[in-house]
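Chain by chain, the residues:
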Amino acid sequence: ICRIPPTILGLTVLAWGNSMGDLSSNLAMARKGMIDMATTGCFAGPSFNLLVGTGLGFLKLQKDLGRSVIEPVSLTATIRIGFVFIIVNCLSI
């Protein structure tokens, strides 16, 4: 499309188009007074898609290669601090 690289299309135009269904359903719920459900949908849907999509992708890659593709990650101080902030944020809600 207009000589735009596929990577840029995937990160912008196609991603926006994929999110329009979520936007319309969240707006409909919010207009009907289900604000908590709409807010949850804003975060839960993309989180679910990310976790399941990444998990299934790695599972298929592991099956194709016949070995584990995930290597241990060392938790640096910066990553640990990030996790602490995420946990505190989740607990304070």
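None of the values given here were measured: they were computed from a predicted structure.

Moving on, we get to the overall build of the chain. Helix and strand counts for the chain come out as four helices and zero strands. In terms of overall size, the chain is more extended than a compact globule, its C-alpha atoms giving a radius of gyration of 18 Å where 93 residues would be expected to give roughly 12 Å. The proportion of buried residues among the 93 residues of the chain is 5%. Accessible surface, the chain: about 8200 Å² in total, of which carbon and sulfur atoms supply 71%. Across the chain, the mean location of the 7 positive side-chain charges is 6 Å away from that of the 4 negative side-chain charges.

Now for the packing of helix 2 (residues 13-31) against helix 3 (residues 35-65). Packed helix pairs are characterised by how far apart their axes lie and by the angle those axes make with each other. In contact at an axis separation of 7 Å, helix 2 and helix 3 are set at 160° when each is read in the N-to-C sense. When the axis of helix 2 is compared with that of helix 3, the two are roughly antiparallel. Viewed along their axes, helix 2 and helix 3 form a crossing whose handedness is left-handed. In this structure, helix 2 uses Asn26, Met29 and Ala30 to contact helix 3, whose residues at the interface are Ile35, Met37, Ala38, Gly41 and Cys42. Among the residues making up the contact of helix 2 with helix 3, the classes are represented as six nonpolar, two polar and no charged.

Rules used in this analysis
- Here the residue numbers are simple positions, counted from 1 along each chain's written sequence.
- The model is predicted, so local features are restricted to residues of pLDDT at least 70 and side-chain atom pairs to those at 80 or more, both for listing and for counting; the totals for chains, interfaces and linings are taken over all residues.
- Derived side-chain values reflect all non-hydrogen atoms in the structure, with water molecules and hydrogen atoms excluded from consideration.
- A helix here means a DSSP run of H or I that spans at least four residues, while a strand means a run of E at least two residues long, and both kinds are numbered starting from the N terminus.
- We take the radius of gyration over the C-alpha atoms and set the globule estimate at 2.2 Å times the residue count to the 0.38 power.
- The classification of residues rests on relative accessible area computed with a 1.4 Å probe and restricted to protein chains. Under 20% of the type maximum is buried, over 50% is exposed, and intermediate values are partly exposed.
- Areas reported here follow the Shrake-Rupley algorithm with a probe of radius 1.4 Å; residue values treat only the protein chains shown as occluding.
- Within this scheme the basic residues Lys and Arg register as positive and the acidic residues Asp and Glu register as negative, but His and the chain ends are omitted.
- By convention, charge coordinates are those of NZ in Lys, CZ in Arg, CG in Asp, or CD in Glu.
- Note on geometry: axes are C-alpha line fits, over the in-contact stretch for helices, and angles between N-to-C directions span 0 to 180 degrees.
- Any angle from 65 to 115 degrees is called roughly perpendicular, while one under 35 is roughly parallel, one over 145 is roughly antiparallel, and all others are oblique.
- A crossing counts as left-handed when the near helix is turned anticlockwise from the far one by less than a right angle, and as right-handed when that turn is clockwise.
- By definition, residues are in contact when any of their heavy atoms lie within 4.5 Å.
- Amino acids are sorted into nonpolar (Ala, Val, Leu, Ile, Met, Phe, Trp, Tyr, Cys and Pro), charged (Asp, Glu, Lys and Arg) and polar (every other residue, Gly among them).

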